[in-house]
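Descriptive structure summary
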Amino acid sequence: MTGGQVVVDQPLPLGAGGRGAADAVRFLRDCQSQALTVRWVPDDDVLPFDTGLLHHLPPPAPRTAPPGGSDGAAVWRSRYAYGLLYHRRGPDFVTVMDRRDPSASARFTIDQPSLLGAFLTVQEPTALDALDAPHREAVSLLADERLVLVTQGWAVALPPRLNRWPVPCTSV
């Protein structure tokens, strides 16, 4: 890391899904939390989940698109903006702002104990098998709202906890 920029030497393992993808998403999310610029490439051009879930995270570096294929990374780069999805924590609640889809922006307050517990648990990549039934159900509900990525039996929360406010304080 130099001057607020992280350069990842190896492709991030998003293509296989599972634990590797969950760890890669957590890494990108944590870099976003610190407002770091990240230069990275995925290990595969086709990901086993909707990349629209990730448009709030630093996009992959440009590279040549596969012959006859589409460059999903180009769409990601065109839609990326700092602060599209983030969360803030309060006592016994979390507020999530989701602006990834401009036509369906949403604000969520997570204060129900099972949902809050599941959200806080999956800040770290977590095997679904390691969760009890109420937390698995809560993760499923959070995934339905596009706040958690579930891939091949692993779950990780998507909204970063930003350390730098995404809008000028005069706009709030």
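Residues numbered from 1 in each chain as written. Predicted model: local features only at pLDDT ≥ 70, side-chain atom pairs only at ≥ 80, totals over all residues. Heavy atoms only, no water.

Next up on the list: the pairing of strand 7 (residues 148-151). In summary, the side chains of a regular strand alternate between the two faces of the sheet. Here 4 bridges tie strand 7 to strand 8 (residues 154-157), and the two strands are oriented antiparallel to one another. If you follow Val150 over to strand 8, its bridge partner there is Ala155. In this structure, the hairpin formed by strand 7 and strand 8 is closed by a connection of 2 residues, where Gln152 is found at a positive phi of approximately 45 degrees. (Pairing = 2+ DSSP bridges. Helix = DSSP H or I, 4+ residues; strand = E, 2+ residues; numbered from the N terminus.)

This paragraph deals with the sheet that holds strand 5 (residues 106-110). Within the open sheet, the 3 strands sit side by side as 3-4-5. Their pairing is antiparallel. Among the strands making up the open sheet, the edge pair consists of strand 3 (85-90) and strand 5. Direction aside, the axes of adjacent strands within the sheet are offset by 15 degrees on average. Pairing of strand 4 (residues 93-98) with strand 5, which is carried by 5 bridges, proceeds in the antiparallel orientation. Bridge pairing in strand 5 links Thr95 to Thr109. Lying over the sheet, helix 3 (residues 113-121) contacts strand 3, strand 4 and strand 5, oriented at roughly 70 degrees with respect to strand 4. (Axes fitted to C-alpha atoms, helices over the stretch in contact; angles between N-to-C directions. Contact = heavy atoms within 4.5 Å.)

Pairs of aromatic rings are described using the distance from one ring centre to the other and the angle between the two planes. Following the criterion strictly, the structure yields 1 aromatic pair and no others. Ring geometry for Trp40 against Trp76: centres 5.6 Å apart, planes inclined by 70 degrees, an arrangement best described as edge-to-face. You can see Trp40 sitting in the loop between strand 2 (37-39) and helix 2 (72-79) and its partner Trp76 sitting in helix 2, a full 36 residues away along the chain. What makes Trp76 buried here is its relative accessible area of 2%. (Phe/Tyr/Trp six-rings, centres within 6.5 Å; stacked < 30°, edge-to-face > 60°. Buried < 20%, exposed > 50% of the residue type's maximum accessible area, 1.4 Å probe, protein only.)

Moving on: the pairing of strand 3. Relative to strand 4, strand 3 is paired through 6 bridges, and the arrangement is antiparallel. The residue bridging Tyr86 from the neighbouring strand is Met97, located in strand 4. In sequence, strand 3 turns back onto strand 4 through a hairpin of 2 residues, with Asp92 there showing a positive phi of about 65 degrees.

This next bit is on the pattern of salt bridges. Counted under the stated rule, the structure contains 5 salt bridges. The salt bridge involving Glu124 is made with Arg26; its shortest N-O contact spans 2.6 Å. Of this pair, Glu124 sits in the loop between helix 3 and strand 6 (126-127) while Arg26 is found in helix 1 (residues 18-33), placing the two residues 98 residues apart along the sequence. Among the residues examined, Glu124 registers a relative accessible area of 45% and is labelled partly exposed. A salt bridge links Asp30 to Arg29, with the nearest nitrogen and oxygen atoms 3.2 Å apart. (Salt bridge = Lys/Arg side-chain N within 4 Å of Asp/Glu carboxyl O.)

Moving on: the side chain of Thr126. On the secondary structure map, Thr126 appears in strand 6. The class of Thr126 is buried, set by a relative accessible area of 11%. Side-chain polar atoms of Thr126 contact the backbone oxygen of Thr121, separated by 3.4 Å. The contact partners of Thr126, leaving out residues within four places of it in the chain, are Thr121, Leu131, Gly153, Trp154 and Ala155. (Polar contact = N/O pair within 3.5 Å; in protein donor to acceptor, adjacent residues only side chain to side chain.)

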